[in-house]
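Each chain, written out:
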Amino acid sequence: MATNGGSWVTDTQFRCIDTGLRILTTWSHAEYDSEEALARAVRDQRDPDEAAVGLATVSRLLAIELAAASGRSERAVIGDLEAMIRSLQGPRPR
C-alpha cells in the first residue's frame, strides 16, 4: 500500500473513509426523520462510489472495534449483525 507522509492510508482511501464517517455522523445526529437525513447525507456526496466504499469501511472499522471490545472475532460480530438484520424482515416464506 502506498502511503503519504507516514499515513496508514492513501489520500483516496482517506477521502472515502471521511465521506462514510460524514454520512454516518449526519445520520446519527438527525433529530427527526432519520431516513430522510440519511438519504440527504448520501445525496450530498459528490461521488457515490466513495460513499459506498466509505460506508463499508466505517462499518468494518466499527465491527473491528466491537470485536476487540467484546473479545470476539470480527467474523462473529458480523455474523450476529447479519442475523439481526435478517430478523428485521421476519420469517421468509418458503
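Description of the structure in this document. (Residues numbered from 1 in each chain as written. Predicted model: local features only at pLDDT ≥ 70, side-chain atom pairs only at ≥ 80, totals over all residues. Heavy atoms only, no water.)

### Section: the packing of helix α1 (residues 11-28) against helix α3 (residues 48-70)
For the pair α1 and α3, the least separation of the axes is 7 Å and the interaxial angle reads 80 degrees. In this view, α1 runs roughly perpendicular relative to α3, as classed from their interaxial angle. Of the residues in α3, those in contact with Arg15, Cys16, Ile17, Thr19, Gly20, Leu21, Ile23 and Leu24 of α1 are Glu50, Ala51, Val53, Gly54, Leu55, Thr57, Val58 and Leu62. In the contact of α1 with α3, the residues fall into 10 nonpolar, four polar and two charged. (Axes fitted to C-alpha atoms, helices over the stretch in contact; angles between N-to-C directions. Helix = DSSP H or I, 4+ residues; strand = E, 2+ residues; numbered from the N terminus. Parallel < 35°, antiparallel > 145°, perpendicular 65-115°, else oblique. Contact = heavy atoms within 4.5 Å. Nonpolar A, V, L, I, M, F, W, Y, C, P; charged D, E, K, R; others polar.)

### A short note on unusual backbone geometry
Even without a glycine there, the phi angle at Asp33 is positive, about 45 degrees. For Asp33, the location among the structural elements is in the loop between α1 and α2 (34-43).

### Concerning the pattern of salt bridges
As enumerated under the stated definition, the model contains seven salt bridges in all. Between Glu36 and Arg40 there is a salt bridge, with its nearest N and O atoms 3.7 Å apart. One end of the pair is Glu36 and the other is Arg40, both in helix α2 and four residues apart, which spans about a single turn. Take Glu36: its relative accessible area is 31%, and that puts it in the partly exposed class. (Salt bridge = Lys/Arg side-chain N within 4 Å of Asp/Glu carboxyl O. Buried < 20%, exposed > 50% of the residue type's maximum accessible area, 1.4 Å probe, protein only.)

### A few points about the layout of surface pockets
Each pocket or cavity is described by its volume, and for the largest pocket that value is around 240 Å³. Around the largest pocket, the lining residues are Ser59, Arg60, Leu62, Ala63, Leu66, Val77, Ile78, Leu81, Glu82 and Ile85. If you list the elements that add at least two residues to the lining of the largest pocket, you get α3 and α4 (74-87). Tallied by class, the residues present in the lining of the largest pocket amount to seven nonpolar, one polar and two charged. (1 Å grid on protein atoms, 1.4 Å probe; cavity = no way out; pocket = protein on both sides within 12 Å on 5 of 7 lines; lining within 4 Å. Points joined across faces, edges and corners; volume = space filled by probe spheres on them.)

Read these as layout, nothing more, since geometry by itself doesn't imply function.
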